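Inside the fold
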Amino acid sequence: MSSTTYKNTKVPILSPLQVSANDAKELEFGTLTDNRYLLKTKSRNGKPLRQPISDAPHYYISVITYLNYLIIIILGHLHDFFETIFFPENFYNVTEHNGYAPWFTKFESFFPRRMKKRIDDCFSRPTSGVPGRFINCIDRISHNLNEYFSFPGTSTLCLNLSSYNYLGFAQSKGRCTEHALESVAEWGPGCLGPRNTCGTTSLHLKTEKLIADFVGKEDAIICSMGYGTNANFFNSILNKRCLVISDELNHTSIRTGVRLSGAAVRAFKHNDMEDLERLIREQIVQGQPKTHRAWQKILICVEGLFSMEGTMCNLPCLVALKKKYKCYLFIDEAHSIGAIGPVGRGVCDYFGVDPNDVDILMGTLTKSFGAAGGYIAGDKTLIDMLRLNLSFSNYAEPSPPPVLAQIYSSMSIIKGDLNPGEGEERLARIAFNSRYLRLGLQRLGFIVYGIADSPVIPLLLYVPSKMPEFSRLMLQRNIAVVVVAYPATPLIESRVRFCVSASLTKEDIDYLLRHIDEVGDMLFLKSSSGKMGGSLDGKPPRWDIEEVIRRTPEDCKDDKYFLI
């Protein structure tokens, strides 16, 4: 990769051969080139979100998408039929042997064998080093239609749009790293091994107190795994006489935890407050199945920021419904805490809602804070009960001191207690980068989901064959992206999910937009109707890339261009 010049724009793309000791920091966190590329997020002061404007593709794109899947399925079944006859050894794992039943049937394993396997080179790409502004992708060669890979021993430095390192705190150098190293010296190697001998330390208690203060709750408890926090939380407070009313797009960790609790579950349409209220009223009237007794407790369960859609929960409306019908409210802030809000304190900060109006705040410490684990924050009575009943904290290892030091230092930087001004700049950078990339994509003619300030930006691809092609073309251009398809998304809504970071510079996003514009033309991805920002000011639905780069940085600071 080398520096690339587009007319008057110099895009600083560095190759590994050009990186010196002084450049290493630039690869992890780019230097701000102009204060104009900062954006201070405004609080909504309790104002709910408007109903989003849907931007659907032309009907023929949906038809082509279904036809693509139909062709893939027909060809896959034909291959299965002939291979069963001529190459039965290929079906060893799905046929009976010596009286033992197979682990899977051919039908159950059809999707991973005949569809996902063909594009496995786009998933789980091995990387090394820090997932900062750039990421080091280890090169690999596919054999026999991704049957296996070989590694030539080389790697490629790519612009990173694929990591949840929202604020860029996952760095090999800096104040957070210094704190982590200091904790090793203080607490010793016994706290770092597979059998952590430290248990709960004063560092755990200090970090939990900081988290509670950061999110605005009385107390908090830390778990060493984010997924496990949700998967083990619900069975501590729910039973079969309780009801969970869950957003249909909630993360699988929430679904797993609710199933383990034995509670009844009802799903409402994504972010549809009318459907939610109808469901609450219906369940209050009907009560428990068979007995029709009143539910012991009703828990409304949503995410702060939905990672596949880039949408945000409508918190003011949720709080109003919770108070009206005397329910409890649980919010998973895995993607919103640290990255959303005027001072980075999540959805309550973004909407200007009192955190005490939300009963349970859950979040992960992996993403915005560059660490690991998760937390539950709430009233002291609830947290005291969880310290006794939460199976994860009783049977899993506690977070090691370096992880806690990373959490404490990064959160302190966001608050301004450590390195004053740094946290404010990181928040302003991710707010600008998120809006700039989103509005730029919309003006180029792409269909993009989500709200203005979301650092997760899904660009719709639809046709399944375009998904691997987009990923491979981006990799050729030294850009690392994540493509997502069924079953993580609806069948016809395959997408690429850009994860924006504060470590990126405006010039990096310019570089990205130019290549997406080129690939979008090659793959016929520009199917937007122009409702989402491309047709404002009398401009045509699709803008020229040079005009997008020239005008959008200023326009992205104007709320009239976004659904607020």
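Keep in mind it's a predicted model, so treat the numbers as computed, not measured.

Here we look at the overall build of the chain
Along the chain, the regular secondary structure elements total 17 helices and 18 strands. Its C-alpha atoms give the chain principal-axis dimensions of roughly 65 × 60 × 55 Å. In the chain, which comprises 564 residues, the share counted as buried stands at 54%. Across the chain, every contact between residues at least 6 apart in sequence was considered, and the portion connecting residues at least 24 apart equals 72%. Surface accessibility of the chain: about 25,500 Å² in total, with carbon and sulfur atoms responsible for 56%. A distance of 3 Å separates the average location of the 64 positive side-chain charges in the chain from that of its 60 negative side-chain charges.

Section: the sheet that holds strand β16 (residues 479-480)
One open sheet holds the 4 strands; their spatial order is β3-β4-β7-β16, and the pairing between them is mixed. Each end of this open sheet is capped by a strand with a single partner; those strands are β3 (127-128) and β16. Here strand β7 (residues 155-160) pairs with β16 via 2 bridges, running parallel. The partner of N160 across the bridge, within β16, is A480.

Some words on empty space enclosed by the protein
Empty space left among the atoms is revealed by rolling a probe the size of a water molecule over them. Tallying each qualifying case throughout the model produces 3 cavities of 30 Å³ or more. The space that makes up the largest cavity amounts to roughly 50 Å³. If you tally residues by element for the lining of the largest cavity, the top one is strand β15 (residues 456-462), at 3 residues. Here the residues of the lining of the largest cavity sort into 7 nonpolar, 1 polar and 1 charged. Approximately 40 Å³ is the volume found for the second largest cavity.

With respect to the confidence of the model for the chain
For the chain, mean pLDDT is 89; residues scoring 70 or higher make up 91% of the total. Confidence drops under a pLDDT of 50 for residues 1-17, and excluding neighbours within four residues, the segment shows 41 contacts in the predicted structure.

A look at the packing of aromatic side chains
Any two aromatic rings considered together are summarised by their centre-to-centre distance and by the angle between their planes. Scanning all chains against the criterion turns up 11 aromatic pairs. Their ring planes at 35 degrees and their centres at 5.5 Å tell us that Y37 and F432 sit as a pair that is tilted. Placement of the pair is Y37 in the loop between α1 (24-28) and α2 (59-86) and F432 in helix α14 (residues 422-444), with a sequence separation of 395 residues. The burial state of Y37 is the same as that of F432; both residues are buried. Measuring from ring centre to ring centre gives 6.1 Å for F214 and F369, while their planes differ by 80 degrees; the resulting arrangement is edge-to-face. In this pair, F214 sits in helix α5 (residues 202-215) while F369 sits in the loop between β13 (360-364) and β14 (374-378), placing the two residues 155 residues apart along the sequence. Counting every residue linked through ring pairs, the aromatic cluster contains Y37, F432 and Y436. In this arrangement the basic side chain of K206 is found over the ring face of Y408, its NZ or CZ atom lying 4.7 Å from the centre. The residue whose ring lies beneath R426 is F29, and the NZ or CZ to ring-centre distance is 4.4 Å.

Observations concerning the layout of surface pockets
For the largest pocket, the calculated volume is near 1,100 Å³. Lining the largest pocket are 47 residues, and of these M308, V484, A485, A488 and T489 sit closest to its centre. Where the lining of the largest pocket is concerned, the elements lending two or more residues are α2, α3 (110-114), α6 (226-233), α7 (252-261), β13, α15 (466-476) and β17 (482-484). Here the residues of the lining of the largest pocket sort into 24 nonpolar, 12 polar and 11 charged. Split into classes, the residues belonging to the lining of the second largest pocket amount to 18 nonpolar, 8 polar and 7 charged. Domain assignment of the residues forming the lining of the second largest pocket places at least three in each of domain 1 (31-160 + 422-563) and domain 2 (175-415).

Focus: helix α17 (residues 545-555)
Those residues of α17 not exposed but buried are I545, E547, V548, I549, T552, P553 and D555. Where α17 is buried, its residues meet α14 and α16 (506-523). Among the residues of α17, the N-terminal cap falls to D544, whose side-chain oxygen and the backbone nitrogen of E546 are separated by 2.9 Å.

A word on the side chain of S471
Among the secondary structure elements, S471 is positioned in helix α15. Under the relative-accessibility criterion, S471 is labelled buried at 0%. A distance of 3.0 Å separates a polar atom in the side chain of S471 from a polar atom in the side chain of R125.

Looking at the UniProt feature "transmembrane region" (unreviewed entry) in the chain
The UniProt entry lists residues 59-78 under the feature "transmembrane region" (unreviewed entry), expressed in the numbering used here. As annotated, residues 59-78 comprises 100% helix and 0% strand, and the C-alpha atoms at either end are separated by 29 Å.

Procedures and definitions
- Residues numbered from 1 in each chain as written.
- Predicted model: local features only at pLDDT ≥ 70, side-chain atom pairs only at ≥ 80, totals over all residues.
- Heavy atoms only, no water.
- Helix = DSSP H or I, 4+ residues; strand = E, 2+ residues; numbered from the N terminus.
- Buried < 20%, exposed > 50% of the residue type's maximum accessible area, 1.4 Å probe, protein only.
- Contact = heavy atoms within 4.5 Å.
- Areas by Shrake-Rupley, 256 points an atom, 1.4 Å probe, with all protein chains shown as cover.
- Lys, Arg positive; Asp, Glu negative; His and termini not counted.
- Charge placed at Lys NZ, Arg CZ, Asp CG, Glu CD.
- Pairing = 2+ DSSP bridges.
- 1 Å grid on protein atoms, 1.4 Å probe; cavity = no way out; pocket = protein on both sides within 12 Å on 5 of 7 lines; lining within 4 Å.
- Points joined across faces, edges and corners; volume = space filled by probe spheres on them.
- Nonpolar A, V, L, I, M, F, W, Y, C, P; charged D, E, K, R; others polar.
- pLDDT = per-residue confidence, 0-100.
- Phe/Tyr/Trp six-rings, centres within 6.5 Å; stacked < 30°, edge-to-face > 60°.
- Lys NZ or Arg CZ within 6 Å of the ring centre and 35° of its normal.
- Domains from an automatic or database assignment.
- Polar contact = N/O pair within 3.5 Å; in protein donor to acceptor, adjacent residues only side chain to side chain.
- UniProt positions renumbered as here; feature names shortened; annotations may be inferred.

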